[in-house]
Amino acid sequence: MAYEPPKQSFAGQIFDVITLLVLTIGALYIPLYLGLAGAAKVPDPIPDPTWEALGQNATEQQQWAALGITDPAAANDIITARFDYSFSWASLIVMAVLVIGYFVMVVRLSDREYREVIEERFGTERH
């Protein structure tokens, strides 16, 4: 007797696809909306900047000019911006709990579904 897996309705398939799309898009955009994606850049402008004070040589000045920025004051914030690498133990702990919780849930659900498939395919008979 050939095994026939249970059939899923068309509506169930559409629901699964929409759910996966919402979860995927949510996973990509929620960190952006919450301001958690990437490190913040904090400018530390130099008063009365010159190209030399900003550490820009003649070639770099030409590249700034090609971008339409010929005044060192206009490039001051861009050049002096540095990434903020501050660290939060609370954020690390929350992230660790979420990741570990997710993996525990995946393992438990996968184990349950695996056992259901084995039981459906081979029955409850033990060897």
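Remember, predicted model here, so these are calculated numbers, not experimental data. (Residues numbered from 1 in each chain as written. Predicted model: local features only at pLDDT ≥ 70, side-chain atom pairs only at ≥ 80, totals over all residues. Heavy atoms only, no water.)

Novice: For this particular structure, what's the right way to read the UniProt feature "transmembrane region" (unreviewed entry) in the chain?
Specialist: Feature annotation in UniProt assigns "transmembrane region" (unreviewed entry) to the following positions: residues 12-34 and 87-107. End C-alpha to end C-alpha, residues 12-34 measures 32 Å, and it is 96% helix and 0% strand. (UniProt positions renumbered as here; feature names shortened; annotations may be inferred. Helix = DSSP H or I, 4+ residues; strand = E, 2+ residues; numbered from the N terminus.)

Novice: Quick question: what am I supposed to make of a negative patch on the surface here?
Specialist: Taken together, the side chains of Glu113, Glu116, Glu119 and Glu120 make up a negatively charged region of the molecular surface. Looking at where glutamate 113 falls in the secondary structure, it is placed in helix α4 (residues 89-122). (Patch = residues over 30% accessible without salt bridge, like charges linked within 9 Å, V, L, I, M, F, W, Y side chains within 5 Å. Areas by Shrake-Rupley, 256 points an atom, 1.4 Å probe, with all protein chains shown as cover. Salt bridge = Lys/Arg side-chain N within 4 Å of Asp/Glu carboxyl O. Lys, Arg positive; Asp, Glu negative; His and termini not counted. Charge placed at Lys NZ, Arg CZ, Asp CG, Glu CD.)

Novice: Can you walk me through the environment of threonine 80 in this structure?
Specialist: Tracing the backbone shows threonine 80 in helix α3 (residues 72-80). Taking the C-alpha atoms as reference points, threonine 80 and aspartate 44, separated by 36 residues in sequence, lie 5.4 Å from one another. Residues in contact with threonine 80, not counting those within four places in the same chain, are Val42, Pro43, Asp44, Pro45, Ile46 and Leu54. In terms of polar contacts, threonine 80 uses its side chain to reach the backbone carbonyl oxygen of asparagine 76, at 2.7 Å. (Contact = heavy atoms within 4.5 Å. Polar contact = N/O pair within 3.5 Å; in protein donor to acceptor, adjacent residues only side chain to side chain.)

Novice: Any chance you could explain the packing of aromatic side chains here in plain terms?
Specialist: Each aromatic ring pair is characterised by the separation of its centres together with the angle its planes make. Scanning all chains against the criterion turns up four aromatic pairs. Here the aromatic rings of tyrosine 102 and phenylalanine 103 are separated by 5.5 Å at their centres, their planes lie at 65°, and the arrangement is edge-to-face. Judged by its relative accessible area of 47%, tyrosine 102 is partly exposed. When the ring centre of phenylalanine 122 is taken as reference, the NZ or CZ atom of arginine 121 above it lies at 5.4 Å. (Phe/Tyr/Trp six-rings, centres within 6.5 Å; stacked < 30°, edge-to-face > 60°. Buried < 20%, exposed > 50% of the residue type's maximum accessible area, 1.4 Å probe, protein only. Lys NZ or Arg CZ within 6 Å of the ring centre and 35° of its normal.)

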